[in-house]
Amino acid sequence: MKGRDNKMEKKKLSVSTGLCYAGGDVGCNIVFGMIGTLLTLFYTDYVGISAATVGLVMLLSRCFDGFSDLVMGVIVERTNSKWGKSRPWLLWMSIPFALSAVLLFTVPRTTGMLQFLYLFVTYNFCTTICYTAINLPYGSLSTMMIRESSERDKLSVMRMGLSPLGRIIAATCTLPLVKLVGNDQAAWIKVMSVWAVLALALLGLNVLLVLGCGILLFTLVGFLTVPGFTVSLVFSSMGQGASGMYETIIVAVLVSALGALMKAYGGFDYILYIIRKYFRGRNGGQLGIAVLSSAMDIATANNTVAIVMAAPIAREISQEYDISPKKTASLMDIFCCIWQGIIPYGAQMLIALGLVAEYEISAFDIIPNIQYVFLLLICALFSIFVKEKK
């Protein structure tokens, strides 16, 4: 038992784990940055509430905020679940936090007393309850992720170093976006809804829950900002979106058929034979996956189709050459994207040529100036020959 504990204490967390941990706090700070830097401006300049009323609400809320921290600490300590003590609260309170943030901007046009009560309830629900129920467990999560004190310090440094990005994004991008979509209260609601969905994604919430929350916020924004908005309009909009996926369905069927034909007539086995013959070792296996993905994308001119077709072969290569699944997926995605940006007949290049059609510029004039793609290629090749830490 002691040997196992010592092993756990010496465990080191990867940089990617630290970045993911810090990313959640970036998401929280996007929303909280809106509240801390721009909410007063919204209340006074766009809703017409006096600065004294706003200040009184925030002053009274600070009293409750200090008490809520103590209560939440006790609750987290007494929480027992299969997900641990802290993580359940991130899962349970993320969506209420996002919804409550949007409610801060849906101030009704009514009497001063009712507006004061609305501000007081929504502000405390968002900051005193929801934000505390996320932020306090989030801060204690690092102590439960790893026992090594130096690794916990690294997690805290990464979190504190990246978390201001959320406030910076909120402070610099919100007002231009608000002016872009109407520069009124409805515009603020729309922008806050976008930030709320982004925060949920950065917090690591399940993608289906994020999409569901996005639909819910879309419905809420519609009822609040669009005259004559009805529930039937929500379903008709979803139907239009589904009908626009007709081409995607056709491509999926085509890819499945091509993959089955290739496998039935020995195409997959031949490709594996070529890769085994010319690529040796673990680095060779990674190069084989890179070449395979590149060839598929050049042949199909569609990175999604290329990845789907290359995936069965890449999986066998990764198992044979001991390449991690995440490295395999990254190589496939990166090299397909690289060639998708270079090939003259790719969708991205054709769109770019359409935008500059009046200047008689060809794809071969654009390719030498795509510095990002070539830099991505260099970095991807460099990652293949750098030894990974296990």
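Residues numbered from 1 in each chain as written. Predicted model: local features only at pLDDT ≥ 70, side-chain atom pairs only at ≥ 80, totals over all residues. Heavy atoms only, no water.

Re the nonpolar core
Generally speaking, nonpolar side chains in soluble globular proteins are found buried as a group. In terms of nonpolar packing, the biggest core is built from 55 residues, with Met 34, Leu 39, Phe 42, Tyr 43, Leu 104, Phe 105 and Met 192 touching the most fellow members. Only helix 2 (15-47), helix 3 (51-78), helix 4 (87-103), helix 5 (112-145), helix 7 (164-180), helix 8 (185-202) and helix 9 (207-225) provide two or more residues apiece to this core. By residue number, the principal contributor to this core is helix 2, which donates eleven residues. Every residue in contact with Met 192, bar those within four places of it in the chain, is listed here: Val 31, Met 34, Ala 101, Val 102 and Phe 105. Ala 306, Ile 342, Leu 353 and Ala 380 belong to the second-largest nonpolar core, a separate cluster that totals 32 residues. (Core = buried A, V, L, I, M, F, W, Y, C linked by side-chain atoms within 4.5 Å. Buried < 20%, exposed > 50% of the residue type's maximum accessible area, 1.4 Å probe, protein only. Helix = DSSP H or I, 4+ residues; strand = E, 2+ residues; numbered from the N terminus. Contact = heavy atoms within 4.5 Å.)

Looking at the packing of aromatic side chains
Scanning the model with the defined rule gives eleven aromatic pairs in all. Between the aromatic rings of Phe 97 and Tyr 131, the centroid separation amounts to 5.8 Å while the plane-to-plane angle is 40°, which identifies the pairing as tilted. Of this pair, Phe 97 sits in helix 4 while Tyr 131 sits in helix 5, and the two are 34 residues apart along the sequence. Taken individually, Phe 97 and Tyr 131 each receive the classification buried, so the pair is uniform in this respect. Feature note: the residues Phe 42, Tyr 43, Tyr 46, Phe 105 and Trp 188 constitute an aromatic cluster, connected by ring pairs. (Phe/Tyr/Trp six-rings, centres within 6.5 Å; stacked < 30°, edge-to-face > 60°.)

Regarding the confidence of the model for the chain
Here the chain shows a mean pLDDT of 80. Residues at 70 or above account for 93%. Summarising per-element confidence for the chain, the mean pLDDT is lowest in helix 1 (residues 2-9) (42) and highest in helix 15 (residues 325-342) (88). Confidence drops under pLDDT 50 across residues 1-9; counting only partners more than four residues distant or on other chains, this segment forms four contacts. (pLDDT = per-residue confidence, 0-100.)

Comments concerning unusual backbone geometry
Leaving glycine out, the prevailing phi sign among residues is negative, and the prevailing peptide bond configuration is trans. Of note in the backbone geometry, Asn 183 takes a positive phi value of approximately 55° without being a glycine. One can find Asn 183 in the loop between helix 7 and helix 8. Note on Asn 183: relative accessible area 37%, which makes it partly exposed. Of note, the phi angle at Ala 301 is positive, near 60°, even though the residue is not glycine. Position of Ala 301 relative to the elements: it lies in the loop between helix 13 (281-300) and helix 14 (303-320). A residue is classified by how much of its surface remains accessible, and Ala 301, at 21% relative accessible area, is partly exposed.

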